[in-house]
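# Structural overview
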Amino acid sequence: MPGGRLTQTERQQIALGLADSLPYAEIARRLHRPTSTITREVMRNGGPTAYRADLAQRATERRAHQRRPASSRDTESAPQPHGRNAEAVAEYEETLTTVLMASGLTKMTARVLTCLVTTDAGSLTASQLSQRLQVSPASISKAITFLESQSLVRRERDERRRDRYVVDNELFYQATIASARANDQLVETARNGVAILGPHTPAATRLENIARFLDFISESITRAAEQAREVLHTKPETASSNAAQAGPHHQ
């Protein structure tokens, strides 16, 4: 039933939908489930090309058997701040991790980024990440190295000279600018190929058009990021106030 655990029949329908190259949203609509539920189910069980209903069912039963006691103890011993519902928080973290995986991150990298983003302080040490995610420090280090390379986290030293990994209000601004710069490198490389292949050849024309397209996209992204940067520093009460003030103008 919608809202409960996926049944084996539903998993078989997911597998059939993937075989027919249906998007997650369409599979979700047919099963009357949230798209995030289907995305999470597929990504945690091999991805769209390797998903199998029977294996997914067995894996879910195994995880439920292994995690139920630990999950119960954790919920009792670690109350959530701000009156949050521990079960809802855990479900949301799993959903966000799955969406990040769908965007191209590995599972461990997505888990680390989710952990940092959903932490009120916006920073954790390697030891804290390792403890929260129940993985080795080596796994954390590998994930952090990639996230740093994408400008998604930064490293700081705290008063005890420990490395702390930080996500701040400019997280997506920095990542967006880094992405635009990566486009710039591709633009330059494509244009170098024009001279080598001959400016009037079909291959060179193709490369020049790719360069022009990416150049336009890069400039647009950078300009939009600069214009929207202040949004990342808007406080929730300010955003609510602005929305309330804007409301009457639409009536």
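These numbers come from a predicted model, not from an experiment.

### Details of the packing of helix α1 (residues 8-19) against helix α3 (residues 35-43)
Contact pair α1 / α3: the axes reach a minimum separation of 11 Å and the direction vectors enclose 85°. The orientation of α1 relative to α3 falls into the category roughly perpendicular. Contacts between α1 and α3 involve R11, I14 and L18 from the first element and I38, E41 and V42 from the second. Here the contact of α1 with α3 is composed, by residue class, of four nonpolar, no polar and two charged.

### Some words on the layout of surface pockets
Considering only enclosed or pocket space, the second largest pocket measures out at about 160 Å³ in volume. Around the second largest pocket sit V117, V167, D168, N169, L171, F172 and L232, which together line it. Residues that form the lining of the second largest pocket fall into these classes: five nonpolar, one polar and one charged.

### Let's talk about the pattern of salt bridges
As enumerated under the stated definition, the model contains 16 salt bridges in all. One salt bridge connects E148 with R155, and the closest N-O pair in it is separated by 2.6 Å. Taking the relative accessible area as the measure of exposure, E148 reaches 26% and is therefore partly exposed. One connected set of salt bridges, linked through shared partners, spans R40, R44, E91 and E94.

### Observations regarding helix α5 (residues 86-102)
Every α-helix winds through 3.6 residues per turn, so residues three or four apart in the chain are directed the same way. For α5, built from 17 residues, the straight-helix expectation of 24 Å at 1.5 Å per residue is met to within 8% by its first-to-last C-alpha distance of 25 Å. T95, L96, T97, T98, L100 and M101 are the residues of α5 that are buried. Measuring from the backbone nitrogen of E87 back to the side-chain oxygen at the start of α5 gives 3.0 Å, which picks out N85 as the cap. Looking at the residues trailing α5, positive phi occurs at G104, about 125°.

### So, the nonpolar core
Of all hydrophobic cores here, the largest spans 36 residues; its most connected members are I14, I38, V112, L113, L116, L129 and I144. Mapped onto this core, the elements with two or more residues apiece are α1, α2 (24-31), α3, α5, α6 (107-117), α7 (126-133), α8 (137-149) and α9 (171-197). Of all the elements, α6 adds the most residues to this core, at five residues. The residues touching L116, leaving out its near neighbours within four places in the chain, are G122, S123, L124, L129, I144, V153, Y165 and V167.

### Examining the pairing of strand β3 (residues 163-166)
Strand residues, when the strand is regular, have side chains that alternate between the two faces of the sheet. With three bridges joining them, strand β1 (residues 123-125) and β3 adopt antiparallel strand pairing. Note on β3: the bridge partner recorded for S123 is V166. Pairing analysis gives four bridges linking strand β2 (residues 154-157) to β3, with the strands arranged antiparallel. Paired with R155 across the bridge in β3 is Y165. Where β2 folds back on β3, the antiparallel hairpin that results is connected by five residues, among which R161 adopts a positive phi of roughly 60°.

### Comments concerning the side chain of R11
Along the chain, R11 turns up in helix α1. A relative accessible area of 4% means that R11 is categorised as buried.

### Details of the side chain of T114
Within the fold, T114 resides in helix α6. The class for T114 is buried, based on a relative accessible area of 2%. A polar contact is formed between the side chain of T114 and the side chain of T97, at a distance of 3.1 Å. Here T114 is in contact with E93, L96, T97 and L100, once residues within four sequence places are set aside.

Calculation criteria
Residues numbered from 1 in each chain as written. Predicted model: local features only at pLDDT ≥ 70, side-chain atom pairs only at ≥ 80, totals over all residues. Heavy atoms only, no water. Axes fitted to C-alpha atoms, helices over the stretch in contact; angles between N-to-C directions. Helix = DSSP H or I, 4+ residues; strand = E, 2+ residues; numbered from the N terminus. Parallel < 35°, antiparallel > 145°, perpendicular 65-115°, else oblique. Contact = heavy atoms within 4.5 Å. Nonpolar A, V, L, I, M, F, W, Y, C, P; charged D, E, K, R; others polar. 1 Å grid on protein atoms, 1.4 Å probe; cavity = no way out; pocket = protein on both sides within 12 Å on 5 of 7 lines; lining within 4 Å. Points joined across faces, edges and corners; volume = space filled by probe spheres on them. Salt bridge = Lys/Arg side-chain N within 4 Å of Asp/Glu carboxyl O. Buried < 20%, exposed > 50% of the residue type's maximum accessible area, 1.4 Å probe, protein only. Expected span 1.5 Å × (residues − 1). Polar contact = N/O pair within 3.5 Å; in protein donor to acceptor, adjacent residues only side chain to side chain. Core = buried A, V, L, I, M, F, W, Y, C linked by side-chain atoms within 4.5 Å. Pairing = 2+ DSSP bridges.

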